Amino acid sequence: MSVAEHNLTSRITYTDLYRRWEQSNWSAMDLDFGADREGWASLSEIQRKSALWIYSMFFYGEDSVTDNLSPYIDAAPKEEQKYFLATQQVDEARHAIFFHRFFKEVVGAGDDVATTLAYTEPQLGWGYRKVFDRLDRMAGELRRDRSLPKFAQAITLYHLIVEASMAQPGQHFIEDYFVRSGTMPGFSAGMEHVSRDEQRHIGFGVKVLSEILPESDECKAAVDELLAEVLPWLSSVFIPPNWDREYTRCYGFELEDIAAWGFKAVEMKWKAIGYPMQEMPPGVAPVDFDAEPLERAASVIKMAQAGVIGEPGQDPDSSPEIQRLYFESVSRAVDPGVVNGQGPFTVQWRFADAAPWHLVVANGSTRAEPGEVADPDVTLEASWRDFIEVGKGAYPAPLALLRRRLRLRGGPRDLYRFARLFG
Ligand SMILES: [Fe+2]
Ligand SMILES: [Fe+2]
């Protein structure tokens, strides 16, 4: 962490955060949506569809974070943290009220909170549901286990994943459009308050983790475990219905722009916490940190669209470009330290319906290449689709091996190293 970033985190105090909450209180009930109804009617059909898609995620999300924050107040180790979290819970309820008013009064959807929420449900995609189901389960876990590692995991999921990685990038883009166009004044005013509140919440999460993580390997390990579980879902959150790119283009941006903005913002936060993503174990975030954020975003989106990452049950593409992207990320996910000093270790993949690839681990580095390698230490055979389903965690590897949908060959020692290499 640079000196400037560290100073920024240590300079923010819980008292500052609380003071900022008092100073930026606002009323969701006083917002005037009168002109927004006209603004809504003046949007094109695709703009309305897109806004419904994104704001459904916001409304459902605000409702969920309101419901799930109370165990955090109980588990927080410091009084100041408990006080701040109590203010945050009020904020989240106010955000939910704001979105409910927007849906009811501008979109004309639903009546009470429950019926309006039901209206948003069909808009929620696979990746989004996975993250929020996890947030529900996390609240239950934190009720039973108030330990510091569990608290660090819970703050990571809530403040760093849901708020910093999902809500903030989404807010950033659509808010810009409406502020520029001036067509939704009530909504724009509310969103400005919401994003200021969220910045404060994220600032709190960064502060808490910067106090806990650098001191504790146990807490770091808990956070690694959570990130490895959740990050694969995150790449699917902003996939528009039917991959229709007009959903973002109608507001003047590309899917890659949101993802790149999100990558940059999130990386900065982990740096400020004192646990940069580059220092996390391989496999937690197997992206190429040397590449520009836009380039990284493009690779992740290409792989999701090709069906090799993200939602299970797709027919994955096996073109040379997609195989290269996929195996490059596989090679970043392995820990070459496992075979250190024991000469090159080679893994051969053979697919019934796709080109073979292999992996060479030697001298502390790993590389994946197309084609066959002479005398592989371990050979794995499968169909491309089964192999991808196992990679997504949708088809448990032991079951796939038992059913012979996945066949592994190699000496016992090499198979053991293979298992350790891939966690
Ligand atoms: Fe919120
Ligand atoms: Fe929040």
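Residues numbered from 1 in each chain as written. Chains lettered and ligands numbered in written order. Predicted model: local features only at pLDDT ≥ 70, side-chain atom pairs only at ≥ 80, totals over all residues.

K.L.:
Outline the overall build of the protein chain, supporting the account with residue identities and numerical values.
P.N.:
Scanning the protein chain from N- to C-terminus turns up 18 helices and five strands. At 23 Å, the protein chain has a C-alpha radius of gyration in line with the 22 Å of a compact globule built from 423 residues. Each principal axis of the C-alpha distribution contributes one length, and for the protein chain these read about 70 × 50 × 40 Å. Sorting the 423 residues of the protein chain into buried and exposed places 40% on the buried side. Once local pairs closer than 6 in sequence are excluded, the contacts in the protein chain between residues at least 24 apart make up 73%. (Helix = DSSP H or I, 4+ residues; strand = E, 2+ residues; numbered from the N terminus. Rg over C-alpha atoms; globule rule 2.2 N^0.38 Å. Buried ≥ 20, exposed ≤ 12 C-beta atoms within 10 Å, placed from the backbone. Contact = placed C-beta atoms within 7 Å.)

K.L.:
Break down the domain arrangement of the protein chain for me, with residues and values.
P.N.:
Domain annotation for the protein chain reports domain 1 (3-279) and domain 2 (320-421). Placing the centre of domain 1 and that of domain 2 at their C-alpha centroids yields a distance of 37 Å. (Domains from an automatic or database assignment.)

K.L.:
Explain the pairing of strand E3 (residues 365-370) to me, using residue names and the numbers behind them.
P.N.:
If a strand is regular, its side chains alternate between the two faces of the sheet. Pairing analysis gives six bridges linking strand E2 (residues 354-362) to E3, with the strands arranged antiparallel. Paired with Val 360 across the two strands is Arg 367, which belongs to E3. The hairpin turn running from E2 into E3, its antiparallel successor, is two residues long, and Asn 363 in that turn takes a positive phi close to 50°. (Pairing = 2+ DSSP bridges.)

K.L.:
I'd like a description of the nonpolar core, backed by residues and values.
P.N.:
One finds Val 131, Ala 152, Leu 157, Val 162 and Ala 259 to be the most contacted residues of the largest nonpolar core, which totals 107 residues. Sorting elements by how many residues they give to this core places helix H9 (residues 148-181) first, with 13 residues. Two domains each put at least three residues into this core: domain 1 (3-279) and domain 2 (320-421). (Core = buried A, V, L, I, M, F, W, Y, C linked by C-beta atoms within 7 Å.)

K.L.:
Outline the sheet that holds E3, listing residues and values.
P.N.:
On the basis of which strands lie adjacent, the open sheet formed by five strands has the order E3-E2-E1-E4-E5 and mixed pairing. The two strands at the open ends of the sheet, each matched to only one other strand, are E3 and strand E5 (406-410). Across the sheet, the mean angle separating the axes of adjacent strands is 15° when strand polarity is ignored. For strand E1 (residues 345-351) and E2, the ladder comprises six bridges, and the chain directions are antiparallel. Each bridged residue has a counterpart across the sheet, and for Val 347 the counterpart in E2 is Leu 359. Those strands touched by helix H15 (residues 320-333) are E2 and E3, and its axis lies near 160° from that of E3. Contacts between helix H18 (residues 412-421) and the sheet are confined to E1, E2, strand E4 (378-382) and E5, with E5 contributing the most and set at about 125° to the helix. (Axes fitted to C-alpha atoms, helices over the stretch in contact; angles between N-to-C directions.)

K.L.:
If you had to explain the environment of Gly 307 to someone new, which residues and values would you point to?
P.N.:
Relative to the elements of secondary structure, Gly 307 occurs in the loop between helix H14 (293-305) and H15. According to the C-beta neighbour criterion, Gly 307 is partly exposed, with 19 such atoms within 10 Å. Filtering out sequence-adjacent residues up to four positions away, Gly 307 remains in contact with Gln 314, Asp 315, Pro 316 and Asp 317.

K.L.:
I'd love a proper account of unusual backbone geometry, names of residues and values included.
P.N.:
A positive phi angle, near 55°, is found at Asn 242, a position not held by glycine. Structurally, the position occupied by Asn 242 is in the loop between helix H11 (217-234) and helix H12 (246-249). The exposed category is assigned to Asn 242, around which 7 C-beta atoms lie within 10 Å. Even without being a glycine, Trp 243 presents a positive backbone phi close to 55°. Within the element layout of this structure, Trp 243 appears in the loop between H11 and H12.

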